[in-house]
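Okay, here's what each chain looks like letter by letter:
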Amino acid sequence: MFPSEVTDFFRTQKTPFYYYDLDVLNATLEEIQKHGLSKGFHVHFALKANNQPKVLKLIKEAGLGADCVSGGEVQRAIDSGFSACEIAFAGVGKSDEEIELGLKHDIFCFNCESVQELEVLNELAGMQGKTARIALRLNPNVEADTHRYITTGLNENKFGINASDLDEVLDRLPDLNNLKLIGIHFHIGSQIENFTPFEELCERANMLNEHIENRGFELSVINVGGGFGINYTHPNDNAIPDFERFFGLFESRIKLKEHQQLHFELGRSVVGQCGSLITRVLYTKYGETKNFAIVDAGMTELIRPALYQAAHRIDVLTSSKRDKNYDVVGPICESSDTFRTDISIPEVVRGDIIAIRSAGAYGEVMRSAYNLREANSSVYSDEV
Ligand SMILES: *Cc1c(COP(=O)(O)O)cnc(C)c1O
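Definitions and limits used
Residues numbered from 1 in each chain as written. Predicted model: local features only at pLDDT ≥ 70, side-chain atom pairs only at ≥ 80, totals over all residues. Heavy atoms only, no water. 1 Å grid on protein atoms, 1.4 Å probe; cavity = no way out; pocket = protein on both sides within 12 Å on 5 of 7 lines; lining within 4 Å. Points joined across faces, edges and corners; volume = space filled by probe spheres on them. Helix = DSSP H or I, 4+ residues; strand = E, 2+ residues; numbered from the N terminus. Nonpolar A, V, L, I, M, F, W, Y, C, P; charged D, E, K, R; others polar. Domains from an automatic or database assignment. Buried < 20%, exposed > 50% of the residue type's maximum accessible area, 1.4 Å probe, protein only. Pairing = 2+ DSSP bridges. Axes fitted to C-alpha atoms, helices over the stretch in contact; angles between N-to-C directions. Parallel < 35°, antiparallel > 145°, perpendicular 65-115°, else oblique. Left-handed = near helix turned anticlockwise from the far one by under 90°. Contact = heavy atoms within 4.5 Å. Near = heavy atom within 4 Å. Polar contact = N/O pair within 3.5 Å; in protein donor to acceptor, adjacent residues only side chain to side chain. Areas by Shrake-Rupley, 256 points an atom, 1.4 Å probe, with all protein chains shown as cover. Arc of directions from axis to C-beta.

A. Local environment of the layout of surface pockets. The computed volume of the second largest pocket comes to approximately 320 Å³. In terms of lining residues, the second largest pocket is bounded by 18 residues, among which Tyr-232, Thr-233, Ala-310, Ala-311 and Arg-340 are the most central. Where the lining of the second largest pocket is concerned, the elements lending two or more residues are α11 (304-308), β13 (314-316) and β15 (338-346). For the lining of the second largest pocket, the element with the most residues is β15, which contributes four residues. When the residues that make up the lining of the second largest pocket are grouped by side-chain class, the tally is eight nonpolar, six polar and four charged. Residues lining the lining of the second largest pocket come from more than one domain, with at least three contributed by each of domain 1 (22-272) and domain 2 (273-383).

B. How the structure looks around the pairing of strand β10 (residues 261-266). Of all the six residues making up β10, five are buried; the element is thus mostly covered by neighbouring parts of the structure. Bridging between strand β2 (residues 42-46) and β10 involves four bridges; their strand directions are parallel. Along β10, the bridge assignment pairs Phe-45 with Leu-266. Sheet analysis places strand β9 (residues 221-223) next to β10, joined by three bridges and oriented parallel. By the bridge assignment for β10, Ile-222 is matched with Leu-262.

C. Molecular detail of the packing of helix α5 (residues 96-104) against helix α6 (residues 115-127). The N-to-C vectors of α5 and α6 enclose an angle of 55°; their axes lie 10 Å apart at closest approach. By the angle between their axes, α5 is oblique relative to α6. As α5 runs across α6, the sense of the crossing is right-handed. Note on element contacts: α6 touches α5 through Val-120, Leu-121, Leu-124 and Ala-125, opposite Asp-96, Ile-99, Glu-100 and Leu-103.

D. Highlighting the site of the ligand. Taken together, 15 residues lie around the ligand, and Lys-48, Ser-190, Glu-265, Arg-268 and Tyr-362 are the ones closest in. A distance of 2.8 Å separates an oxygen atom of the ligand from a polar atom in the backbone of Arg-268. Between the ligand and Tyr-362, the relevant distance is 2.5 Å, taken from an oxygen atom to a side-chain nitrogen or oxygen of the residue. Protein chains shield 94% of the accessible area of the ligand, which is 390 Å² for the free molecule. Grouping the constituent residues of the shell around the ligand by class yields four nonpolar, six polar and five charged.

E. Highlighting helix α7 (residues 163-172). All of the buried residues in α7 are Leu-166, Val-169 and Leu-170. Taken end-on, α7 shows its buried residues confined to a sector of 95°, consistent with a single buried face. Where α7 is buried, its residues contact α6, β6 (132-139), β7 (161-162) and α8 (196-214).

F. Just the packing of α7 against α8, in detail. Packing of α7 against α8 leaves a shortest axis separation of 12 Å and a crossing angle of 25°. One element, α7, and the other, α8, form an angle in the roughly parallel class. As α7 packs across α8, the resulting crossing turns out to be right-handed. Residues Ala-163, Leu-166, Asp-167 and Leu-170 of α7 pack against Arg-204, Leu-208, His-211 and Ile-212 of α8. Residues that form the contact of α7 with α8 fall into these classes: five nonpolar, one polar and two charged.

Honestly, that's just the spatial picture; any functional story needs more than this.
See the structure below:
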């Protein structure tokens, strides 16, 4: 994974920093092309997982569209060369300014989550003399079998329109003259590794598709969202998620009508494995019951362990000593600033270089300046 010249290069750099392996990203994109795009599916990349311009450029060139959840992301997508007609804009709390930005650029679709949002969008579109294309984000009430902070498709979640409110929404739509309903949208959660929730989603989507079409609306877009998980335990052996199985499941189970297209919104599964957080060991502490490796990256660079109890694989790149048990912790003044507890890694000394793996998604984008931490710029494999 990290040839010695790359490790030697890391030694010369100011740590911590994010390293992106573009070969991994390109190989991932090829699989998405082979098993998804080639079947006529539309795949939008969720910018919230990673918004590095160089990453976005490759994703755009591979033929993916953009899925945005803020005005800032809509702008970043446009600045990165995505054409407006391939940008979808989701989010439970779009501000007037964000909606106006989307309208100004005539984006492909607003994924809407409530009657109130539809009314605001209708009014703002009217003021610009435009018709906004919309998809209804429906809550399929499917248990995603993932961490509760990243499940989004249950009735108790804040996301989407619940089935019990759907008819009321459909009744309202004909009065909203500046909106054109083009599709339905779902997103049940993230880091989903078990395929059963996706199967349940297909069933619900088919039912709702049928129901809405029977009410006289023509849906051209069936958008099943994202959420496909990656392997955090074995990033080398399983660098690329099984897209053949993933797309194949939807291909066989979603009942598309002649005029309908299947859309996806993938984030983590596209970029998760191409990024690593590279950090240096500052100090070691050998206690009576615990050993600590204190590294120069912290929750400010990668918050997933603190936020979701995520366990990222840790590779020591510069030691081949015998294994020892460590808690690998950061320098931030919070006890949750811990990457892993009690893991067995080669014994480290001050100066050793460590890679925290599978950090390409929801890593650098969630960086913060807490403790007035400064950010080092990221490094790409083609620059080494
Ligand atoms: C976050 C998000 C995605 C992407 O989720 P992943 O788990 O990263 O694939 C897709 N659609 C919506 C609406 C989202 O909020």
